[in-house]
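# Structure at a glance
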Amino acid sequence: AMVKAGCVNGLKRPAEGAGGRPGPRKRRKAEKSSCLSAALFGEDCEISRDQLYELLKYAALGKCHNATQPSWCRIYRRSHLAGVVVIVLPEMSQLHFYKFYLQFKHLRRVFRHRFTLTPSANFLASLYGEGPNLKPQNTAQVLTSTSSECTSKSSDSRCDPIIRKYGDKKRGLTSYILTLEEQKKNDYPTKGSPRCNGYVCTECNQQRTDSSPLFGLDCEMCLTAKGSEVTRVSLVDAQGRCLLNELVRPENTVVHYRTRFSGITREMLLPVKTRLSDIQTRLKKMLPRDAVLVGHSLNNDLQALEMIHPSVIDTSLLFARTEGRRFRLKFLAKAVLGKEIQCEQKLGHDPAEDARAALELAQFFIEQGPAKVAELNLEMLLTTEKLAEVSQKRAPLQPQGYRGQQQLNEPSHLSKPCFLECLQVTGQKPLLLGRQELDSSGLCQSNLSTSNKQILQKALEDVPLSTFSIIQFSLGPENISSHLLAELREKVGSKLTDMLTIYAGPFEESFCLKSVKKEFGRCGPIQSLTVVTETYQPYVCIQYEVLEAAQLAVESLNGAEVAGSCIKVQRSVTAATLDCDVLIQELELDVENEGVIYVAGLKQSLTEKDLQEEFSQLKDLETLFLPKDLQSGKHWNCCFLKFQTSQSAVDALEVINGWTMKGSRLRSRNALASGHLWRWIWQMNHSNGTQRRNVSYKKTRQLSEQDLKKKVQKLDHHIKKLYRSLQNNTLCVVLFPGVNSTYGSQFGLGLMGIKDDGGRSAC
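The notes below deal with the structure included here. (Residues numbered from 1 in each chain as written. Predicted model: local features only at pLDDT ≥ 70, side-chain atom pairs only at ≥ 80, totals over all residues. Heavy atoms only, no water.)

## Examining helix α24 (residues 646-656)
Short version of the rule: When a residue's accessible area, from a 1.4 Å probe over protein chains only, is under 20% of the maximum for its type it is buried; when over 50% it is exposed; and in between it is partly exposed. Strands here are runs of E lasting at least two residues and helices are runs of H or I lasting at least four, both read from the DSSP assignment and numbered beginning at the N terminus. Working note: the arc is built from the helix axis to C-beta atom directions.
Taken together, the buried positions of α24 are Ser648, Ala649, Ala652, Leu653 and Ile656. All buried residues of α24 fall inside an arc of 145 degrees around its axis, so they share one side. Where α24 terminates, the next one or two residues include Gly658, which has phi positive at roughly 90 degrees.

Below you can see the structure in the form of structure tokens.
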């Protein structure tokens, strides 16, 4: 649907010269160009990691190795791609891109395709794949193994990461409980941590022994304005009996139910009265004083529960892997227990099933001991399953010594195959460059002495020699502190509120507020309207839902007569809004908004089909998007229209302004936030955590933000330099993976395009 009518097989027609048709050289050039077409407009702008993985795999491998053309994005003439370059900016999110929007000059002017990414702690690991160790050629920083002896002789049991970590003798369960340092390293909530203020302690402070009771715990979360919040909690005992399986109503507005993974829907939570505090109280009562909690990446569950428990066994760390990476729970359940969990036929995960699987995995490990677990050769099993698509199938390994253990059937997608491994099997050499350190996600990510400048220099030399490259740039050796991140979020939220809010007046004392609301409502959906009485004559403060509505009100109603008064319409003047006009202008010029206009004043009874019929007379109209309130699901009185050319959009503006549709007069202007941005603005605007406050920041904090701004400018310059060095027909993807923290989750952002002759991304 997104392929432009003025294109030939997805490519723009060459411009005609004086002779009419392009010459043969230009035709041959066009025929060899690759082209990208992505339906990223309106509500279709959120892309999962699996969908991104699907695109990268297809771009790198084509139709071989079961790589298929992704449904959300099409690459035309894939075989003509010169290469694939993925630029990853760790610890950065949409928040950073729009906080420093003016500083990211190159990114916003080049990449017209953008999408929202769900934040993930192990984002880089998902790109590198979950397969065995890779030894890419031509890399500045190679994912090296802990021991060179193990690299050359991986089959030696002494080199197994489980044996290296625990030895080969059986131990009691207390040997596998995480130490306080391990908990801190892996982002577990702990007593005394400033990030855990207000967290509830289970008060299970009795001495643990090898006979202490084990309990499996798992939660499902949804995404709210605050971040990840619990929607379902399950607790099972050592015999596998479910003690607790409860739905929980989040405290904040739900932004995304994550139904595909959580199984939670809006309808399921409507009758629920149970709150997080109720669950905390029940868990405290249910757990004995010497309880040991077991879970897979249990830190996420405890963070969401806002609870502190001193004794935990984390099965994602227990079954240790080379490079510190982690096995997925689904794979371990199949390989070790012979159980199928998280089946695709089910809607979402079953937390009781996951809690029981994690508990049984821990019991198996304790009962059998590290040596028996190492004999399962899980790494080899996972490798074989993934490479089964590029090599002959083999009989699955069968773990021994566990009651009820059944032989594994022929594998079918235990986890997604690692296309970097497939590249190496086919003789291609993936390039992995960047800082590397062992982080909480388990991914090995370089020594901190490597600078972005050194990475850039190496990339300029080696990217042309590789068909697939992952380049990781960073803001610096020091991570952005959680406090600074919280301040950035508050500032961006405050600025958005200021930009969405306008003041109109003065009005007469007895003015009709209903008339004011009706007139300003023609500019777009209103979130709130209040009368300001502190002034000599009354003013009205109006906060809109979308940026275009506020800007349209300023442009069309300033100096107009409303409710019997000639009024002035303006935004408040604050330090944050001083560059508002510049920001509005740059958003208008953003390549993502080319050919897109905003139309307001629609009757809310009109459906998308009605609007398509009404606007069908407009030339070159490509698609229409009718935004809605993400909480109530009701459509707003505005829409976005996307045209095949910028000139068609300009012509449409002249036609629509003043156009009456079903008795309602329309207003329109160029779009400012038509793609993924409108949804993010709604989330920020409705976030309970983002309030307008006068915050006094220390001088050092201001300097930190100023330093961050300079680093962003340098980062943008590095990406610009690397992009310009790429060959034409190179698919380039820039990823802001998103951030998960106790101050809330921040969505990630992806930008992509295929470089054409003009240096911009081809569509």
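## Overview of the sheet that holds strand β25 (residues 621-625)
Definition in use: Paired strands are those between which DSSP finds at least two bridges. Each axis is a line fitted through C-alpha atoms, taken for helices only over the stretch in contact, and angles between the N-to-C directions span 0 to 180 degrees. The contact criterion used is simple: two residues touch if any of their non-hydrogen atoms lie within 4.5 Å.
With antiparallel pairing, the 4 strands of this open sheet are ordered in space as β25-β26-β24-β29. Taken across any chain shown, the strands that pair with only one partner, and hence form the sheet edges, are β25 and β29 (667-670). Averaged over neighbouring strand pairs, the angle between their axes works out to 25 degrees when direction is ignored. Looking at chain direction, strand β24 (residues 596-600) and β29 are connected through 4 bridges and run antiparallel. The residue bridging Val599 from the neighbouring strand is Ser668, located in β29. Contacting β24, β26 (638-643) and β29, helix α21 (residues 547-557) crosses the sheet at an angle of about 110 degrees to β29. Strands in contact with α24 are β24, β26 and β29; relative to β24, the strand with the most contacts, it is inclined by about 15 degrees.

## Topic: the packing of aromatic side chains
Heads up, the rule is: Note on aromatic pairs: the rings of Phe, Tyr and Trp (six-membered ring only in Trp) are paired at centre separations within 6.5 Å, and the planes decide the class, stacked below 30 degrees, edge-to-face beyond 60, tilted for the rest. A ring has a charge above it when a Lys NZ or an Arg CZ is no more than 6 Å from the ring centre and no more than 35 degrees off the ring normal.
Under the criterion given, the structure shown has 17 aromatic pairs. Grouped by ring-pair contacts, the aromatic residues Phe97, Tyr98, Tyr101, Phe104 and Phe736 constitute a single cluster. The ring of Tyr101 carries the charged tip of Arg108 above its face, separated from the ring centre by 4.9 Å. If you follow Arg321 out to its NZ or CZ, it ends over the ring of Phe327, 4.5 Å from the centre.

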